[in-house]
2 protein chains.
Amino acid sequence: MRMYVLPSDFRGTERYTVVGKDVHYLTKVLRLSEGMQFTGRDFSGALWDLTIESVHRNSCTLLCAQTSEPQALTDALPEYRGPFPEIHLYQAVCKGKKMDQIVRQATELGVTRIVPVTSERSLVDMTGKEDDRRIRYEKIVKEAVQQSGSLVVTTIGTPIKLDQVSADWGHRGPACMLHQVSQAQQRTLAELTRTAPIALVIGPEGGFTESEVQMLIREDFHPVLLKTNILRAETAAIAAVAIVQHLLVEKL
Amino acid sequence: MRMYVLPSDFRGTERYTVVGKDVHYLTKVLRLSEGMQFTGRDFSGALWDLTIESVHRNSCTLLCAQTSEPQALTDALPEYRGPFPEIHLYQAVCKGKKMDQIVRQATELGVTRIVPVTSERSLVDMTGKEDDRRIRYEKIVKEAVQQSGSLVVTTIGTPIKLDQVSADWGHRGPACMLHQVSQAQQRTLAELTRTAPIALVIGPEGGFTESEVQMLIREDFHPVLLKTNILRAETAAIAAVAIVQHLLVEKL
């Protein structure tokens, strides 16, 4: 199902003018024209009844009214309507397309928040500077939410370093890191996945270093060994998110 | 961990001459030279002690002795050594890169067999003709097995049509299809995932048609609705395989 996601600069006004690529999406992809009503979603996840007031060459004006239940959808609603347990993905930044794929697929699955993390073996450091990547990730999120009709509008967190993950998380719930080597402190994903919110820390292509693992363990992040082959970062992230979501939803 | 996979034309001979890209892989990537011993795996999954007898410009000759336990590895073994429950993935063929990604990631996860399936909404029909795609998938499998050190050498089945899936499977174990619409007969993935071997049928980009779903139900393939958003085919396949594998491994 497709649901239009209002741009991130939408501030809940009664009238909003869409510009850029969204005009094409609304008028060509969804084939909406003046007077037509449809349901959209803003970046906070709130639903809006939207009516196309006017269409111009490079813009299109919408009348916006907040709503609690989708009225006029551009497509069928997904069968499963939630709940979506809160999953926070702390993902060590991978190379270009791999990270794009993780962001897209984690968004499809309905992850609450993806935080790009810099670790020792990361090939990219996004912290402490303006970075085009964040804008790209937000664009990927928007497309994936529209395409999957996700009821969660995934957010991209401020990029941080691995030693800031614990402070960012602040013991909000169980926390685990995927690590390919057994640790004495190790528990299984099924044991840890009892309640949400839950934090998942996934390493970069080369994994975490031993000292990084020890640091995370001291901060109550539990090392988890997935009982499978050694997975690439992008496969590990999606497999772990899918399993954790499945375990939490089954418990509800 | 990396483990060399012998080409599919290797027939268990005492001496085997490697040609083509594998020469580069052995001598440049793994940096093996004359006299060096390492462990490889053939397409049936059997382990071989291999010794480099001679290296030439475009070929390299190996002495091969079957073994039960890896002796000289080119890298560390993965921590998890199995078991890998038998999962058979009947995947409706998706467009080029998506299908490549499914084959690669399903192989990483240790799927036993991937069967390309033609359904009504498939954009590609691979049945009943020679198709380069199968050769490409086998190449992707080989690379993914080598890269992940998978203990399962995934096989690519003969492409079939959706109405042949049931005969191919032959009631070997539980069978489910992912479908995004609730069905009266529906059960959960957790209920169905009790024993291996297990069959998973995944639709193409546009999903299965209602009549296809009814046909599969009549043939004891249980419709399963993943409790998540509507996923793209490539995300659905990996999420489902990861969850099924996790559920089965936890039961062992």
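Residues numbered from 1 in each chain as written. Chains lettered and ligands numbered in written order. Predicted model: local features only at pLDDT ≥ 70, side-chain atom pairs only at ≥ 80, totals over all residues.

1. Looking at the pairing of strand E7 (residues 113-118) of chain B
Residues in a regular strand project their side chains so that they alternate between the two faces of the sheet.
All names here are of chain B.
Phase 1 of the analysis: The element E7 is largely enclosed, with a buried count of five among its six residues.
Phase 2 of the analysis: Examined bridge by bridge, strand E6 (residues 87-92) and E7 share five bridges and lie parallel to one another. Directly across from Ala92, in E7, lies its bridge partner Val117.
Phase 3 of the analysis: Running through helix H2 (residues 96-109), the crossover from E6 to the neighbouring parallel element E7 is right-handed.
Phase 4 of the analysis: Across two bridges, E7 lies against strand E8 (residues 155-156) in parallel orientation. Counterpart to Arg113 in the pairing with E8 is Thr155. (Buried ≥ 20, exposed ≤ 12 C-beta atoms within 10 Å, placed from the backbone. Helix = DSSP H or I, 4+ residues; strand = E, 2+ residues; numbered from the N terminus. Pairing = 2+ DSSP bridges. Right-handed = clockwise from strand over helix to strand, strands pointing away.)

2. Thoughts on the interface of chain A and chain B
Phase 1 of the analysis: Counting from both sides, the interface comprises 31 residues of chain A and, opposite them, 31 residues of chain B.
Phase 2 of the analysis: Looking at the side of chain A that touches chain B, the elements that each hand over two or more residues are helix H2 (96-109) and helix H7 (233-251) of chain A.
Phase 3 of the analysis: Looking at which element gives the most residues to the side of chain A that touches chain B, the answer is H7(A), with nine residues.
Phase 4 of the analysis: Across the side of chain A that touches chain B, the residue classes tally to 14 nonpolar, twelve polar and five charged. (Contact = placed C-beta atoms within 7 Å. Nonpolar A, V, L, I, M, F, W, Y, C, P; charged D, E, K, R; others polar.)

3. A word on the sheet that holds strand E3 (residues 37-41) of chain B
Residues and elements named next belong to chain B.
Phase 1 of the analysis: Here five strands make up an open sheet; going across it, the order is E1-E3-E4-E5-E2 and the pairing mixed. The strands lining the two open edges of the sheet, one partner per strand, are strand E1 (4-5) and strand E2 (15-19).
Phase 2 of the analysis: Looking at chain direction, E2 and strand E5 (residues 59-67) are connected through five bridges and run antiparallel. Paired with Val18 across the strands is Cys60, a residue of E5.

4. Digging into the relation of the copies chain A and chain B
Phase 1 of the analysis: Take chain A, turn it by 180°, move it 0.0 Å along the axis, and it overlays chain B with an RMSD of 0.1 Å. The symmetry that links the two subunits is that of a two-fold axis.
Phase 2 of the analysis: When the interface residues of chain A are mapped onto chain B, 100% of them are again interface residues, pointing to one common binding face. (Least-squares fit on C-alpha atoms with pLDDT ≥ 70 in both.)

5. A few points about the nonpolar core
Phase 1 of the analysis: The biggest cluster of nonpolar side chains holds 141 residues, and the ones touching the most others in it are Leu200(A), Val241(A), Leu200(B) and Val241(B).
Phase 2 of the analysis: Excluding residues within four positions of it along the chain, Val241(B) makes contact with Ile87(B), Leu89(B), Ala106(B), Leu109(B), Val111(B) and Leu200(B). (Core = buried A, V, L, I, M, F, W, Y, C linked by C-beta atoms within 7 Å.)

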